[in-house]
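Below are the chains, spelled out letter by letter.
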Amino acid sequence: KEPIKLIDLPEVDDSTIEGFRLNGTTGDLPDFDDFGGMPGVVARARELIEVPLAKHAELASIGARPIKGVLFTGAPGTGKTLLARIIAAKSGADFYEISGPQIFSKWYGQSEELLRRLFGAAAEHDRAIIFFDEIDSVAGQRDDDAHEASKRVVAQLLTLMDGFTADSNVVVIATTNRPQDLDVALRRPGRFDWEIEFPLPEESDRRDILNTTARGKRLSESLPHEVVASSTEGWSAAELAAIWTEAALLAGADDRDSNAVEDYIGGFERVARQRTRVGSSRSTGGLR
């Protein structure tokens, strides 16, 4: 009944698509309290993503042009992925997370089929977010040097974003730290024409991040967040969070079950040295 194929192509089925869907219980989902600092960025993201998802019918009745794509730009480790997950959790949206290289398949046409199935599955929900991490690795400029597979993926992505119906309550979020490398067609109206820049945190933001990431940690005493915040200019949120990993290693090496001031400061100094070794554009030599 079925012809024998020379090559048995793997199918893109419902289980494949479900693998991109972020699942979790209520206790596992992040909250806005988990995102330290940058209140202006958070407010703008909620305005562009959470409000259109929650007020889809009201905005349609007003006649507002639907927001289809929002681009998060900024240095690595500034919280782009975390904020997207928080907004999805708090807005009650189903969340599909795609890392750039996951899209590409060695089989001709399967990358495009995967995108079509992902967008189709998202459109079946009352509200959904499709999240592309490092979209520049998927949708780079279509020039003479671009691979044919990349060109096809970009063309399919453009078609899908243009094909949203009025009933579709789906927002596509993408992150990149190289927005200049994206195909220009993606930045046109109706696609990723909304952009939110995630800057490196200011001192007050860094203090807030340190306080936020300290929650759930066992501390033996009050720690000098203000001192560390003032000494970490140019640090990303991910680098600040790495201090706790180093501090825990120091505490464990000394057979302590809680972080002391010397562990906290030692963790800071270790991360500072690592930043210097990897050639960070702005490194901190020590506490001020």
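Residues numbered from 1 in each chain as written. Predicted model: local features only at pLDDT ≥ 70, side-chain atom pairs only at ≥ 80, totals over all residues. Heavy atoms only, no water.

*Asks:* Hey, could you go over the pattern of salt bridges for me, with residue numbers and the actual values?
*Replies:* For the coordinates displayed, the defined rule picks out 16 salt bridges. A salt bridge links Asp-193 to Arg-65; the nearest nitrogen and oxygen atoms lie 3.0 Å apart. With Asp-193 in the loop between strand S4 (170-176) and strand S5 (194-198) and Arg-65 in the loop between helix H3 (56-62) and strand S1 (69-74), the pair connects residues that are 128 residues apart, well separated along the chain. According to the relative accessible area criterion, Asp-193 is partly exposed, its value standing at 25%. Each of Glu-18, Arg-21 and Asp-94 takes part in salt bridges that share partners, so that together they form one network. (Salt bridge = Lys/Arg side-chain N within 4 Å of Asp/Glu carboxyl O. Helix = DSSP H or I, 4+ residues; strand = E, 2+ residues; numbered from the N terminus. Buried < 20%, exposed > 50% of the residue type's maximum accessible area, 1.4 Å probe, protein only.)

*Asks:* Quick rundown of the packing of helix H7 (residues 203-213) against helix H9 (residues 237-253)? Include the residues and the values.
*Replies:* One way to put it is that H7 packs onto H9 with a least axis distance of 10 Å and a crossing angle of 40°. It follows from the interaxial angle that H7 and H9 lie oblique. Crossing handedness for the pair H7 and H9: right-handed. Contact residues: H7 offers Arg-206, Ile-209, Leu-210 and Thr-213, while H9 offers Ala-237, Leu-240, Ala-241, Ile-243 and Trp-244. Grouping the constituent residues of the contact of H7 with H9 by class yields seven nonpolar, one polar and one charged. (Axes fitted to C-alpha atoms, helices over the stretch in contact; angles between N-to-C directions. Parallel < 35°, antiparallel > 145°, perpendicular 65-115°, else oblique. Left-handed = near helix turned anticlockwise from the far one by under 90°. Contact = heavy atoms within 4.5 Å. Nonpolar A, V, L, I, M, F, W, Y, C, P; charged D, E, K, R; others polar.)

*Asks:* How would you explain the nonpolar core if you had to name every residue and give the values?
*Replies:* Ranked by internal contacts, the top residues of the largest apolar core, which has 33 residues, are Phe-119, Phe-132 and Ile-135. Broken down by secondary-structure element, the contributors of at least two residues to this core are strand S2 (94-99), helix H5 (110-123), strand S3 (128-133), helix H6 (148-162) and S4. The residues contacting Phe-132, other than those within four sequence positions of it, are Ile-98, Ile-103, Leu-115, Phe-119, Leu-157, Val-172, Ile-173, Ala-174 and Thr-175. In this structure, Leu-48, Ile-49, Phe-72 and Ala-88 belong to the second largest nonpolar core, which totals 25 residues. (Core = buried A, V, L, I, M, F, W, Y, C linked by side-chain atoms within 4.5 Å.)

*Asks:* Account for the layout of surface pockets, naming residues and giving values.
*Replies:* In this structure, the largest pocket occupies an estimated 360 Å³ of space. As for the largest pocket, its lining consists of 20 residues, of which His-56, Ala-64, Arg-65, Pro-66 and Ile-67 are closest to the centre. Put simply, the parts of the chain that give the lining of the largest pocket at least two residues each are helix H2 (39-54), H3 and S4. Among the elements that take part in the lining of the largest pocket, H2 stands out by supplying four residues, more than any other. For the lining of the largest pocket, the residue count by class is 12 nonpolar, five polar and three charged. (1 Å grid on protein atoms, 1.4 Å probe; cavity = no way out; pocket = protein on both sides within 12 Å on 5 of 7 lines; lining within 4 Å. Points joined across faces, edges and corners; volume = space filled by probe spheres on them.)

*Asks:* Tell me about the packing of aromatic side chains, and name the residues and values.
*Replies:* Using the criterion set out here, one finds five aromatic pairs in the structure. Ring plane angle 25° and centroid distance 5.7 Å describe the contact between Phe-95 and Phe-131, whose orientation is recorded as stacked. One end of the pair, Phe-95, is in strand S2; the other, Phe-131, is in strand S3, and 36 residues separate them in sequence. Look at Phe-95 and you get buried, because its relative accessible area is 3%. Overall, the relative accessible area of 0% leaves Phe-131 in the buried class. Here the aromatic rings of Phe-119 and Phe-164 are separated by 5.8 Å at their centres, their planes lie at 35°, and the arrangement is tilted. A residue pair is termed long-range when its members are at least 10 positions apart, and Phe-119 in helix H5 and Phe-164 in the loop between H6 and S4 qualify at 45 residues. The buried category is assigned to Phe-164, whose relative accessible area is 14%. Directly above the ring of Phe-32 sits Arg-46, whose terminal nitrogen or CZ lies 4.0 Å from the centroid. (Phe/Tyr/Trp six-rings, centres within 6.5 Å; stacked < 30°, edge-to-face > 60°. Lys NZ or Arg CZ within 6 Å of the ring centre and 35° of its normal.)

*Asks:* Please provide a residue-by-residue account of the side chain of Asp-136, values included.
*Replies:* Structurally, Asp-136 is set in the loop between S3 and H6. Nearest to the buried, unbridged Asp-136 among oppositely charged side chains is Arg-178, at 5.3 Å. (Lys, Arg positive; Asp, Glu negative; His and termini not counted.)

*Asks:* For the pairing of S2, give the residues involved together with the corresponding values.
*Replies:* For S2, a buried count of five out of six residues is recorded, marking the element as mostly surrounded by other parts of the structure. Here six bridges tie S2 to S3, and the two strands are oriented parallel to one another. The residue of S3 that forms the bridge with Ser-99 is Asp-133. (Pairing = 2+ DSSP bridges.)

*Asks:* So what about the packing of H2 against helix H4 (residues 80-91)? Which residues, and what values?
*Replies:* When two helices pack together, their arrangement is given by the angle between the helix axes and by the axis-to-axis distance. Direction vectors running N to C along H2 and H4 enclose 40°, while the axes themselves pass 10 Å from each other. Between H2 and H4, the crossing angle belongs to the class labelled oblique. Every pair of crossing elements has a handedness; the one defined by H2 and H4 is right-handed. Of H4, the residues touching H2 (which contributes Val-41, Val-42, Ala-45, Arg-46, Ile-49, Glu-50 and Leu-53) are Leu-83, Ile-87, Lys-90 and Ser-91. For the contact of H2 with H4, the class distribution of residues is seven nonpolar, one polar and three charged.

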